[in-house]
Every structure is written in structure tokens, then in C-alpha cells.
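What follows is the residue order along each chain.
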Amino acid sequence: MTREPRRSRFPRRRFLTAVGIAGAAGCASSGGDDSGTDGTGSGGGTAATPVGGADSESDHSTSADGPDWEAPSDSPQVDLQVETLIENLEIPWDMSFTGDGSLYLTERTGRVVTFDSGDVSEIARPQDAINAGALEPGSEEKPWWVDGGEGGTLGIAVHPAFPDEEYVYVYYTATNGERKNRVVRMDVRADDPAATEEVLVGGIPANDFHNGGRVRAGPDGNLWITTGDAGAPERAQDPSFLGGKILRITPEGDPAPGNPDLGGDPRVFSYGHRNPQGIDWLPSGVPVATEHGPTGHDEVNVLLPGANYGWNVARGGPDNDRWDSYTAHEEFTPPVLN
């Protein structure tokens, strides 16, 4: 099948907002989604329908930022005070708040915990989850790799309708002979939430590095999942391979309505990613992702349905010597910031 080339069409005045939102999740980025906005000067191409707006219709598309909203031009000046809420966690990786103020967290050593009314309680230890290998408190050892590499119990998100649907979704690295990443959901109302674990996405490639791992409930009511290339960079270009992708599924685990037809896995929303680990949405509902790059070439991308972000063929931004790798491949969507 023929796939139309896609280019990011995202105004530079919104870059700082994109960075501020997505950057909180990691020093990296991933590719673009927008709706009929002005070009960035990074190249032409076919604009794709944006996805993820809170007011979207059945195809989950949304318009670009409305006339009443503009990106801030500088950082807000606020008076901050630091208060320690939780101590002695083992490699905490992600957290997700509920509407009633409870907080769920993951530790890469294999635990899901909750923080409520000043208390930390263990909720579950996901089945077959690897222990990423935390060091003893006070240890002066500084290894580059802990056991488990970059894997472990990673992303977490509460159900979009929480607390009416008291599920949490967890992305973790499992081993049962062979390491694989998976996304599961658990019923936190149960006496033993781990016993209710249901695998929604299994078989996500895993490695000591590039495991991706973020899972988020988007304003479209679907789950967005970031996966790394897991040491198989050339397969990030393969829509049937779950590594190096942004996946979008329903809360029940089905391919989300409106996902692009790429001739591969129907859960794939975009591809050609290296190690995306951050995702969030602009006020308009436009999804923005961060992606770890090689030797500092991290990216901020605006996610377009069906877009190819170039890894492992293209990398870099307009201010470095690898930009030609994008201009030579019109089918790739370049980052909005690199």
C-alpha cells in the first residue's frame, strides 16, 4: 500500500509549550500531530488529521489551538516551597493521580503502590515483573547499569473514568524464559489486585535498553503507550513490530477507533520512534511526545496519525548536521524541537 508523506505543521510559537508539557516526562521527544495550522518551515507535505481532543467526535479528531489561546512566551514566576511527601521509594518511575486526589506510583523493582492521606501502601507486584535492582540506601556504588537495565515496572495510568471504573494500567518488563514488555490492567477494588491482572498488550519487545514504557489516558478516552526499539532499530520502521511505536488502544485493549491503517498492527498510531518515554496533550488536545535520541539528539514531536518519525534512518534537527537525513526523505516527519 502507498503511504502519503507527512510533515509536522506546528507553529513555532507553540514549541515552548510543547516542550514544557512533554519534557516533564523525560529528556527526549517524538513526532507530530496537528490540524491545519501554519507550517514550521521544516518542509511541506500532506497534513494529517490530529487526534486526541477532549471535544472530539467519533473519529477523535480535534481542531488546532483556538483563537483565544496562545502559547506563553516566558516561564511563569511563582513562589515555590518544597515539601517532602514520600521517602524511601525504590527507583520510582511513574505516577498517576485520581480525580479524588489519590496517587498511584510504580517502582522499577516490581511494585505498584498508592499514596493516600500520608500513607504509602503496596497495591500489587505485577506477575513475572523483573526486579530492576535498586541499590541499598546510602550505597556509594554508582553503576551505569543496574540489574534489569532500563526495564522494570514502568508506566502507570488510572482508568479515564476512575473511580467509576477502578482500574489501573501498568506497563512493565516481564520474564518467563524471555523478556517482554506488557501492558496490563488491575482492579484496585479487589482484595488482591494482582490476581485480577489482565494483559491488554503483550509481546512488546524488551531489552536492557530502549524499553519505552509510558502509558497515559488521553483526552480522547483511549490509552496511549510509548514503546522503545528494544535494540532492534531497523524494525522501528516496521508497522507490524510493536517496538519503536506509539500505540493507541481502548481501555478494554482493542485498537482505538480512528487508528491509521498502516498495513501492520492495528494498535500502532505512529512509528519510526527510538525510545519515546513522555507523552502529554496541549490544551487543544494535540498530543506531544518526547523521545530519547543518540548522543543528545533528543526530540520533541507532535504526534500525527500514521506518521513516520524516521528512526533509524533519520535523526536530528534543522540546526545540526543530520538535518539532511530528513530533507532527503519526504515521508518522514521531523521533530519540532531537537
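Residues numbered from 1 in each chain as written. Predicted model: local features only at pLDDT ≥ 70, side-chain atom pairs only at ≥ 80, totals over all residues. Heavy atoms only, no water.

Caption draft 1: Spotlight on the overall build of the protein. Check the secondary structure of the protein and you find two helices and 16 strands. Taking all 338 residues of the protein together, the buried fraction comes to 53%. Relative to all contacts within the protein whose residues are 6 or more apart in sequence, the contacts with residues 24 or more apart total 58%. Accessible surface, the protein as shown: approximately 15,200 Å² in total, 45% of it carbon and sulfur. (Helix = DSSP H or I, 4+ residues; strand = E, 2+ residues; numbered from the N terminus. Buried < 20%, exposed > 50% of the residue type's maximum accessible area, 1.4 Å probe, protein only. Contact = heavy atoms within 4.5 Å. Areas by Shrake-Rupley, 256 points an atom, 1.4 Å probe, with all protein chains shown as cover.)

Caption draft 2: Representation of the side chain of aspartate 94 within the structure. Inspection of the secondary structure assignment puts aspartate 94 in strand E2 (residues 92-97). Polar contacts involving the side chain of aspartate 94 include one to the main-chain amide nitrogen of isoleucine 156, which spans 3.0 Å. Separated by 3.0 Å, the side chains of aspartate 94 and arginine 214 make a polar contact. When near neighbours in sequence (up to four residues on either side) are disregarded, aspartate 94 contacts Tyr104, Leu105, Thr106, Leu154, Gly155, Ile156, Arg214, Val215 and Arg216. (Polar contact = N/O pair within 3.5 Å; in protein donor to acceptor, adjacent residues only side chain to side chain.)

Caption draft 3: Geometry of the packing of aromatic side chains. This structure, assessed with the given rule, holds three aromatic pairs. Relative to tryptophan 281, the ring of tryptophan 224 lies with its centre 5.7 Å away and its plane at 80°, an arrangement referred to as edge-to-face. Here tryptophan 224, found in strand E11 (residues 223-227), pairs with tryptophan 281, found in strand E14 (residues 276-281); they are 57 residues apart in sequence, far enough to count as distant. Each member of the pair, tryptophan 224 together with tryptophan 281, is buried. Ring-pair connections join several aromatic residues into one group, and the members of that group are Trp224, Phe269 and Trp281. (Phe/Tyr/Trp six-rings, centres within 6.5 Å; stacked < 30°, edge-to-face > 60°.)

Caption draft 4: Fine view of the sheet that holds strand E13 (residues 268-271). Taken in spatial order, the four strands make up an open sheet running E10-E11-E12-E13, and their pairing is antiparallel. Here the strands that pair on one side only, and so sit at the sheet edges, are strand E10 (215-217) and E13. Neighbouring strand axes in the sheet, compared pairwise and without regard to direction, differ in orientation by 20° on average. As defined by bridge partners, E11 adjoins strand E12 (residues 245-249) across five bridges and the pair is classed as antiparallel. (Pairing = 2+ DSSP bridges. Axes fitted to C-alpha atoms, helices over the stretch in contact; angles between N-to-C directions.)

Caption draft 5: Here's a closer look at the nonpolar core. Ranked by internal contacts, the top residues of the largest apolar core, which has 18 residues, are Tyr171, Val201 and Ile225. Looking at this core, the elements with two or more residues in it are strand E6 (153-158), strand E7 (167-175), strand E9 (198-205), E11, E12 and E13. Membership of the second largest hydrophobic core comes to 15 residues, among which are Val168, Val170, Tyr172 and Met186. (Core = buried A, V, L, I, M, F, W, Y, C linked by side-chain atoms within 4.5 Å.)

Caption draft 6: Here's a closer look at the environment of arginine 322. Within the element layout of this structure, arginine 322 appears in the loop between strand E16 (299-302) and helix H2 (324-327). Here arginine 322 falls in the partly exposed class, since its relative accessible area comes to 30%. With 25 residues separating them in the primary sequence, arginine 322 and histidine 297 have C-alpha atoms 9.7 Å apart. Apart from residues lying up to four places away in sequence, arginine 322 is in contact with Val313, Arg315 and Gly316.

Caption draft 7: Here's a closer look at the sheet that holds E9. Reading across from one edge, E6-E7-E8-E9 is the order of the four strands in this open sheet, with antiparallel pairing throughout. If you trace the sheet from one side to the other, it starts and ends with E6 and E9, each paired once. Taking each pair of neighbouring strands and ignoring which way they run, the sheet shows an average axis angle of 20°. The pairing of strand E8 (residues 179-187) with E9 spans five bridges and is antiparallel. Directly across from valine 184, in E9, lies its bridge partner valine 199.

Caption draft 8: The confidence of the model for the protein, seen in detail. Chain-level pLDDT for the protein is 81 on average; 78% of the residues reach the 70-or-more range. Segment residues 1-49: pLDDT under 50, and 170 contacts once partners within four positions in sequence are set aside and those in other chains are kept. Taken together, the stretch residues 53-64 has pLDDT below 50 and engages in 30 contacts with residues farther than four places along the chain or on a different chain. (pLDDT = per-residue confidence, 0-100.)

Caption draft 9: Here's a closer look at the environment of arginine 189. Mapped onto the elements of the fold, arginine 189 is located in the loop between E8 and E9. With 26 residues separating them along the chain, arginine 189 and proline 163 place their C-alpha atoms 9.8 Å apart. Apart from the residues lying within four places of it in its own chain, the contact partners of arginine 189 are Asp164 and Glu166.

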